[in-house]
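Fold and contact review
Residue strings, one per chain:
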Amino acid sequence: MKYSLSAKNLTCRNLEAYADYRASLVTPDCTKEITGIVRSDSGLPSIGLNQVISNMVMPPRIIQRFALDYFAERHSPFTLWHSATKPLDNDALDALGLKRRQSLVAMAAEIPRLSVAEVPVVEQLTISAVKKEALPDYGAVQAAAAGELEGAQLAHFYQGLQEIPEQRRGRLKLFLASLDGVPVAAGCLFAAADALGLYDLVTLPDYRERGIGRALFKHLLTAAQGSHHKNLVALVPADRQQLLLDSGFFAVGEVARYQYTPAPAAAKPD
């Protein structure tokens, strides 16, 4: 693969597919698309499960009509990702209520060329694929890393997956790391048509700096090597690139991120 715009597009297509897939597990016909922008609505008031991905610069009024007005009417938060090289108008979006957050770095690797380095053994740490009965545990770890309001929605989402047949949610490859039997870290591989995506790799705050995240990351890379896919993509903060770079990933571009959170509903007078 030539790591250029095509690799960045591969990463963003995977994000679109991931957003659509997760949302569709709870809300049928959840994704709509117009030229240059895709909107996925999970039906839950979740900033992480409701996603809008744009791949071209467009007037703020288009984003307002297609995304902001839609979610605002539902009093629901969402995240807007912008993958085009030319930036959006930050001031105009801020005036609409879309707040710029830390951009993420799009990264891509050819799976056969991944280097899965040895990591120190963490005593009493077990890592396993998540089965139906462990879905609430996976959700609890993701929830703990997301804050109270968003965490409640993520916990609800993953608990609800227990009611969905495995063949319907099988493209989500969830992994859970437990220390002395206590779930402490979690991460996901998502299987799209043209690439695997690595998402939501988190470790609970009290268990960081112990090598647990590195062990889980190595486990995910090993699982990716056992798949039929040729490419693995990820979106990571700029200060967390090094582990991926050391493993054979290339940074292929920046993806801007904006978030919309509706104002709390006004209390009704007595």
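Here, residues in each chain are numbered from 1, in the same order as that chain's written sequence. Totals for whole chains, interfaces and linings use every residue, but because this is a predicted model, local features are given only for residues with pLDDT of at least 70 and side-chain atom pairs only at 80 or more, for both listing and counting. Side-chain metrics rest on all non-hydrogen atoms present in the structure, leaving aside hydrogens and water.

Only strands that DSSP links by at least two bridges are regarded as paired with each other. The secondary structure listing takes helices from DSSP runs of H or I that are at least 4 residues long and strands from runs of E that are at least 2 residues long, numbered from the N terminus. As paired strands, strand 5 (residues 99–110) and strand 11 (residues 250–260) are joined by 8 bridges and run antiparallel to one another. Counterpart to lysine 99 in the pairing with strand 11 is glutamine 259.

For the rest of this paragraph, the subject is the sheet that holds strand 4 (residues 78–82). Spatial ordering of the open sheet is given by 1-2-3-4-11-5-10-9-8-7-6, a layout of 11 strands whose pairing is mixed. Each having just a single partner strand, strand 1 (31–34) and strand 6 (125–129) make up the two edges of the open sheet. Neighbour-to-neighbour, the strand axes of this sheet turn through a mean angle of 20°, independent of strand direction. Pairing analysis gives 4 bridges linking strand 1 to strand 2 (residues 37–40), with the strands arranged antiparallel. Looking across to strand 2, one finds that isoleucine 34 is bridged to isoleucine 37. What makes two residues a contact is simply this: any of their non-hydrogen atoms within 4.5 Å. Fitting a line to C-alpha atoms yields each axis, with helices limited to the stretch in contact; the angle taken between N-to-C directions then spans 0 to 180 degrees. Against the sheet, helix 4 (residues 135–144) makes contact with strand 7 (172–179), strand 8 (182–191) and strand 9 (196–203), and its axis sits at roughly 95° relative to strand 8, the strand it touches most.

Another point: the pattern of salt bridges. The term salt bridge refers to a pairing of a side-chain nitrogen on Lys or Arg with a carboxyl oxygen on Asp or Glu at a separation within 4 Å. If you walk through the whole model with that rule in mind, you get 8 salt bridges. Salt-bridge contacts for aspartate 200 lead to arginine 22; the nearest nitrogen and oxygen are separated by 3.7 Å. A residue pair is termed long-range when its members are at least 10 positions apart, and aspartate 200 in strand 9 and arginine 22 in helix 1 (residues 5–24) qualify at 178 residues. In this structure arginine 22 comes out as buried when scored by relative accessible area, which is 7%. In this structure, the salt-bridge partner of lysine 218 is glutamate 118, at a minimum N-O distance of 3.3 Å. Of this pair, lysine 218 sits in helix 6 (residues 212–225) while glutamate 118 sits in the loop between strand 5 and strand 6, and the two are 100 residues apart along the sequence. For the exposure calls, accessible area comes from a 1.4 Å probe over protein chains only, and a residue counts as buried if that area is under 20% of its type's maximum, exposed if over 50%, partly exposed in between. Lysine 218 sits in the partly exposed class, given a relative accessible area of 22%. Here glutamate 118 falls in the exposed class, since its relative accessible area comes to 68%.

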